[in-house]
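An overview of the molecular structure
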Amino acid sequence: MAIRNASALWQGTLLEGSGTVRTGQGGYEGNYSFRSRFQEGEGTNPEELIGAAHAGCFSMALSKALTDAGFPPTSVETSAAVHLEPVEGAQTVTRIDLVTTGDVPGIDEAEFQKLAEATKTGCPISRLLAPGTEITLTASLA
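Residues numbered from 1 in each chain as written. Predicted model: local features only at pLDDT ≥ 70, side-chain atom pairs only at ≥ 80, totals over all residues. Heavy atoms only, no water.

An unreviewed UniProt entry annotates the protein chain as OsmC family protein originating from Luedemannella flava.

Topic: the packing of aromatic side chains
Filter applied, for reference: Only Phe, Tyr and Trp rings take part, Trp by its six-membered ring, and two of them pair if their centres are within 6.5 Å. Stacked means planes under 30 degrees apart, edge-to-face means over 60, and tilted covers everything else. What counts as a helix is a DSSP run of H or I of at least four residues, what counts as a strand is a run of E of at least two, and both are numbered from the N terminus. Per-residue accessibility, obtained with a 1.4 Å probe over protein chains only, is compared with the maximum for each type, and a residue is labelled buried under 20%, exposed over 50%, and partly exposed between these values.
Scanning the model with the defined rule gives two aromatic pairs in all. Residues Phe 34 and Phe 38 carry aromatic rings whose centres are separated by 5.0 Å and whose planes lie at 45 degrees to one another, so their mutual orientation is tilted. Linking Phe 34 with Phe 38, this pair stays in helix 1 (residues 34–38), spanning four residues, or about one helical turn. Owing to a relative accessible area of 18%, Phe 34 belongs among the buried residues under this scheme. With relative accessibility at 33%, the residue Phe 38 sits in the partly exposed group.

Re the pattern of salt bridges
Counted only if it meets this: The salt bridge criterion pairs a side-chain nitrogen of Lys or Arg with a carboxyl oxygen of Asp or Glu, the two atoms within 4 Å.
Scanning the model with the defined rule gives six salt bridges in all. Put simply, Glu 111 and Lys 114 hold a salt bridge, and the shortest N to O gap is 3.5 Å. One end of the pair, Glu 111, and the other, Lys 114, are both in helix 3 (residues 109–122), three residues apart, so they sit about a helical turn from each other. Owing to a relative accessible area of 22%, Glu 111 belongs among the partly exposed residues under this scheme.

Observations regarding the sheet that holds strand 1 (residues 6–11)
Inclusion rule: One requirement defines pairing of two strands: DSSP has to find at least two bridges between them. Lines fitted to the C-alpha atoms define the axes, with helices restricted to the stretch that makes contact. Angles between their N-to-C directions range from 0 to 180 degrees.
With respect to topology, three strands assemble into an open sheet ordered 1-2-3, the strand pairing being antiparallel. Whereas interior strands pair on both sides, the edge strands pair on one side only; in this sheet they are strand 1 and strand 3 (29–33). Averaged over all pairs of adjacent strands, the angle between strand axes in this sheet comes to 20 degrees, irrespective of strand direction. With six bridges connecting them, strand 1 and strand 2 (residues 18–23) associate as antiparallel partners. The residue bridging Ala 8 from the neighbouring strand is Val 21, located in strand 2.

Thoughts on the nonpolar core
Proteins that are soluble and globular tend to have nonpolar side chains buried together. Basically, it comes down to this: Residues belong to a common nonpolar core when they are buried Ala, Val, Leu, Ile, Met, Phe, Trp, Tyr or Cys residues joined through side-chain atoms within 4.5 Å.
Ranked by size, the top nonpolar core spans 19 residues in total, and within it Phe 58, Leu 62, Leu 66, Ile 107 and Phe 112 carry the most contacts. Listing elements by their share of this core, those giving two or more residues are helix 2 (46–68), strand 5 (90–103), helix 3 and strand 6 (134–141). Ranked by residue count, the leading element in this core is helix 2, at four residues.

Re the pairing of strand 2
With antiparallel pairing between neighbouring strands as the criterion, strand 1 and strand 2 make up a hairpin whose turn holds six residues, including Gly 12 at a positive phi of roughly 100 degrees. Taken together, the five bridges between strand 2 and strand 3 define a ladder with antiparallel strand orientation. The residue of strand 3 that forms the bridge with Ser 18 is Ser 33.

Pasting the structure below:
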């Protein structure tokens, strides 16, 4: 099976330093800092990257589930809101709220909801995060 790589370089102290994160195949490179992570500074942060990974994984997995059920989608768009908050004195990702919209010809609402819920628990990133993180899902048809 595939092994995927990413890297990060941090220079300086926590408050004044800054860093760069990169995906292994060069698809993404971005700057991050204390301000971009814990305040409203410019750049990215690990939680946004987790959100992007989760949204991307979920959209692909739901597309597969829909296709396997006989409803190939025109599109699946997902956003992920990653909640970072202190738990017992340590910053912790406590919840991820997925919001997805599917443009899926021929499917009814009940079938779409069933497949979306199954995907929420079955996509690889959900499976990674679920043991310690609450995952919510709001799914709708376009």
